[in-house]
Structures are given as C-alpha cells and as structure tokens.
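Here's the letter readout for the chains.
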Amino acid sequence: MTQITWPRQSTRWGLIGHALAAIDSVASLSAGTTGRITKGTVYQHTHFLRPAVNDDYHVRAEALRFGKASAFTETRVSFASTGTLVAHASLEFAF
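About the thresholds
- For every chain, the first residue of the written sequence is number 1, and numbering continues from 1 along that sequence.
- Given that the model is predicted, a residue must reach a pLDDT of at least 70 before its local features are reported, and side-chain atom pairs must reach 80 or more before they are shown or counted; all residues, however, enter totals for whole chains, interfaces and linings.
- Think of the side-chain values as coming from all heavy atoms in the structure, minus any hydrogens and water.
- The way it works is that DSSP assigns letters per residue, a run of H or I at least four long becomes a helix, a run of E at least two long becomes a strand, and they are numbered from the N terminus.
- Polar contacts, as used here, are pairs of N or O atoms within 3.5 Å; protein pairs need one atom able to donate a hydrogen and one able to accept it. Residues neighboring in sequence count only if both atoms are side-chain atoms.
- Any two residues whose heavy atoms approach within 4.5 Å at even a single point are treated as in contact.
- Per-residue accessibility, obtained with a 1.4 Å probe over protein chains only, is compared with the maximum for each type, and a residue is labelled buried under 20%, exposed over 50%, and partly exposed between these values.
- Paired strands are those between which DSSP finds at least two bridges.

Student: Tell me about the side chain of T46, and please be specific about residues and values.
Tutor: Looking at the element boundaries, T46 is found in strand 2 (residues 40-48). A polar contact of 3.3 Å, which involves the side chain of T46, links it to the side chain of Q44. Excluding residues within four positions of it along the chain, T46 makes contact with L20, I23, A87, H88 and A89.

Student: Go over the pairing of strand 5 (residues 85-94), please, and point to the residues and values.
Tutor: Judged by how many residues are buried, strand 5 sits mostly within the fold: seven of 10 residues are covered. In the sheet, strand 2 pairs with strand 5 via eight bridges, with the strands oriented antiparallel. The residue of strand 5 that forms the bridge with Y43 is E92. Relative to strand 5, strand 4 (residues 70-79) runs antiparallel, the two being bridged by nine bridges. Looking across to strand 5, one finds that S70 is bridged to A94.

Here it is as structure tokens:
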C-alpha cells in the first residue's frame, strides 16, 4: 500500500485534473513495489463521488494482484480532514 497527502487546489473545478495525476502517480508507486519496471498505465477508470474543494486530499493505492504481464491497483482519494471518500479508481499497469 502506498499513500500520500496531496495539497488542496485553488481551481474552480477542484479535484479533477490534479486527482487524475495524483491517482496515477500513487498507483504507479504501488505497482512498482515488486522491483519490476512498469511500461505504463494500460487502463484507468475513475469515479468522482463528490466535489472536492477547500481541503487537502489523502491518496491511497493498494496493489491487488501482480501477474506476469500486468498489475492491478485500487486507489482511493479522500478528504484529509474528515476521511470522506471523494474518488475511487481502478488501474492496470503493464510489465
């Protein structure tokens, strides 16, 4: 499991662009825990559950399965202060 705290963003749309970058970055770190180098993100599906403004975000990724050619991760983005879930993503990385 890999986790970071992502600083709040001052844009009107809040989370969207910054969350996608944070989700991919933290999930990549999680997929790289085996020592094998990934070729990149093959698939990313993200659900945004609520607006995310005026708070820092806690981003947590967990590798669910490591295969011969790919790894699957699950990533959750929540408010740092309350722990309320803001976004959920599933990602696949190629080796």
